[in-house]
Amino acid sequence: MTVPDAISDTRGNSRARISEALTRFRDVKFFVPFASGSLAFVVGAILLGSAGIDVGDAYATMFRGAFGSVFGFGDVMLKTISLLLAGLAVSVAFRCRQWNIGAEGQLYMGALGGTLVGISLLGAVPGIAILAAIVVSFIFGALFALVPAVLKVKFGVNEVISTVLLNFVALLFISFLLHGPIKAPGFNPYSPEISEESQMPIIFPGTRLHGGIFIAVLATVGVYYLWKTKIGFEIRTVGANIDAARYAGMNITKSVFVTLGISGGLAGIAGGLLVIGVQHLLIEGISPGYGFVAVIIALLGRQHPIGVAIVAFFFAALMTGSETMNRSLGVPAAFAMTLQALILVFVLVGGLFAVWLSRRNRGGAR
Amino acid sequence: MAGETEAVILGIIVSGIRFSVPILFAGLGEKIAERSGILNLGIEGMMLMGAFAGFMGTFITGNYVVGIVMAMAASAALAALKGFMSITIRTNQLAAGLAIWLLGTGLAALLYRLAFGVQTIAPSVELMPKITIAGLSDLPVIGPILFNHDPLVYIAFLLVPVTHYFIFKTSLGLKIRTVGENPKQADALGVNIYKIRYLAVILGGALAGVGGAYFSLVQTGYFLENVTGGVGWVALALVIFGRWKAYWITAGAFIFGMVDAFQLGLQATGTDVPYQFLLMLPYLIPIAILAGMHKRRGAPAALAIPYKRGER
């Protein structure tokens, strides 16, 4: 068919033209996130505007906060570390249909693990201290995630409920430790400062960006290759079709344990890095809800390491910019969370809506 | 000091009843939604929106009824969005519920700050007054337990038989159950599945909103970020524990309320147990209860499964 032919062919039938346009966008995975993100910012603008806040100024401040200075961009990368690791943690679980909503609690347990290494004798050994802190934070996070795994496998407790409720338990446990057993002398409920040997070095002078970024990249690659290994295939199969996996003789119990163990461990590293890389001691509010935002990141990133990394970076910028808006314009801190949740809602609705629309149009054109 | 112990026990029972109210509203609402086949993980977020809207409405008008209605409307709006995602668009029900949870959590905190800014003294409303019944409220023991509460307590406990009757004895209740158990059959019988499911999930949302407003209007008089403290999630656990039946959900809500009142009582009287461990109890007990019941029967067969006409 020549070009003019094609034009006259489609001009005559607007229905066919629309359906052709939709076919071009059939891979809505590409188009929907951008539309959803823009729409969320529009809704955000309406909310801020109705409260009498200059929206243009607010969004400009937000952009400047994230990308306007070396320090600001360093903070974006810093937050990317936490969000990427926590997002990968949730992704590994979701990919295997283990609905782990407990990344926040597992992150805090990992932070505890990192702190304990940093304030113990182990933390005084140069070269080993950092590695030990990361390994122990992984183990702490993993062990805490095994609690819902045991509850699920042995007692049939739905992991959505157990993981969510255990977040509260973890935070209370940390609070107990900081008010008693590991409290540093002084008024505040803080742990003692970790040793210098166990502090993750800053890799970019003038920022707070530390070497943990390499760990996060390593974890991303690791999760990518995990799916290609035998165990990765098994746990994915259990997630995709538990009956088929059982029929194939796969060990379901082991799969649940491995999935939640890796998931909790990754969240644990996110927590450990907050201690050894940023705060250098443990405090009650060390995470501003990274483990909850991670749920959105995993869903938006389609549980794919690359997708998760992209969303984590974008959300890190959003959170850094929001903090700047909060400091200089008094825009509420909850703005970032609201916008992130809105994007998720729009993507969930928009993605399937577009599919539904294109199917309907194709059906009608037939 | 027998009299003092009795007073303490009485106090725990009375506050236990009050603590069970928000979870009862949320649990009964979620029961209706789940009976129709819609699993709503967003209860916690809807309750927070209810807590905010209820506070806002009462703060502006000074009228509790307006506050409660606004709480129901705000929470039902989120529920309708959840319905749109789960019924019309048929996205994954877990993902949709989680999105509603996080949206409600963020939006409630954001709208509150946008409306009131940061103030040194948090704006507050007067706590909802109690209804006393002349004669009955003054009775020893029985009086404070049964006849000396705010109106929402009475409404919550009235709702227990009402929702039970609604689900099991009315034709609409029968439709809701059929849609949740066997949507294909319901469709064949001419029941509009989409309409029934929307109705059930929105009704559930409105009730969760009242549960949320209970925190701001009865328990604190303020709106606080995350004031619900996980009660929405506990409600989900109790619906499973209660086998989707009103009376069992009520029993679960009672246990939760008593545990909460008990741990607060222990904190107040002073004990060697660190308070953080006492605060863990309301979260650990629901998990323990779920772990204790091995066989879990009674879940609607089509729970969390979207329905599409003409699909096998």
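Just so it is clear, the structure is predicted and the values come from calculations on it, not from any experiment. (Residues numbered from 1 in each chain as written. Chains lettered and ligands numbered in written order. Predicted model: local features only at pLDDT ≥ 70, side-chain atom pairs only at ≥ 80, totals over all residues.)

**Points about the overall build of chain B**
1) Next: Helices and strands together make up the secondary structure of chain B, namely 12 helices and two strands.
2) Next: Across chain B, helices and strands are ordered from the amino to the carboxyl terminus as α-α-α-α-β-α-β-α-α-α-α-α-α-α.
3) Next: Against the 2.2 N^0.38 benchmark of 20 Å for 312 residues, chain B shows a C-alpha radius of gyration of 20 Å, consistent with a compact globule.
4) Next: The principal-axis extent of the C-alpha atoms belonging to chain B is close to 70 × 45 × 40 Å. (Helix = DSSP H or I, 4+ residues; strand = E, 2+ residues; numbered from the N terminus. Rg over C-alpha atoms; globule rule 2.2 N^0.38 Å.)

**Quick look at helix 4 (residues 55-67) of chain A**
All names here are of chain A.
1) Next: With 13 residues, helix 4 should cover 18 Å at 1.5 Å per step; its first-to-last C-alpha distance of 18 Å lies within 8% of that length.
2) Next: Of all the positions in helix 4, only Ala58, Thr61, Met62, Gly65 and Ala66 are classed as buried. Within helix 4, the buried residues cover an arc of 125° as seen down the axis, which keeps them to one side. (Expected span 1.5 Å × (residues − 1). Buried ≥ 20, exposed ≤ 12 C-beta atoms within 10 Å, placed from the backbone. Arc of directions from axis to C-beta.)

**A closer look at the packing of helix 6 (residues 103-119) of chain A against helix 8 (residues 159-179) of chain A**
Residue and element names in this part refer to chain A.
1) Next: The interhelical angle for the contact between helix 6 and helix 8, taken along N-to-C directions, is 25°, at an axis separation of 7 Å. Compared by their axis directions, helix 6 and helix 8 come out roughly parallel. Judged by the twist between their axes, the crossing of helix 6 over helix 8 is left-handed. Taking contact as the criterion, the partners of Glu104, Gly105, Tyr108, Met109 and Leu112 in helix 6 are, on helix 8, Leu166, Asn167, Val169, Ala170, Leu171 and Ile174.
2) Next: Taken together, the residues of the contact of helix 6 with helix 8 sort by class into eight nonpolar, two polar and one charged. (Axes fitted to C-alpha atoms, helices over the stretch in contact; angles between N-to-C directions. Parallel < 35°, antiparallel > 145°, perpendicular 65-115°, else oblique. Left-handed = near helix turned anticlockwise from the far one by under 90°. Contact = placed C-beta atoms within 7 Å. Nonpolar A, V, L, I, M, F, W, Y, C, P; charged D, E, K, R; others polar.)

**As for the interface of chain A and chain B**
1) Next: Contact with chain A, which involves 38 residues of that partner, is made by 38 residues of chain B.
2) Next: Within the residue set of the side of chain A that touches chain B, elements represented by two or more residues are helix 7 (129-155), helix 8, helix 13 (290-300) and helix 15 (334-365) of chain A.
3) Next: Along the lines of polarity and charge, the residues of the side of chain A that touches chain B split into 32 nonpolar, six polar and no charged.

**Observations regarding helix 5 (residues 70-95) of chain A**
Residue and element names in this part refer to chain A.
1) Next: Across its 26 residues, helix 5 extends 36 Å between first and last C-alpha, which sits within 8% of the 38 Å expected from 1.5 Å per residue.
2) Next: Across the 26 residues of helix 5, 22 count as buried, placing the element largely inside the fold.
3) Next: Arginine 97 sits one or two residues past helix 5 and shows a positive phi near 60°.

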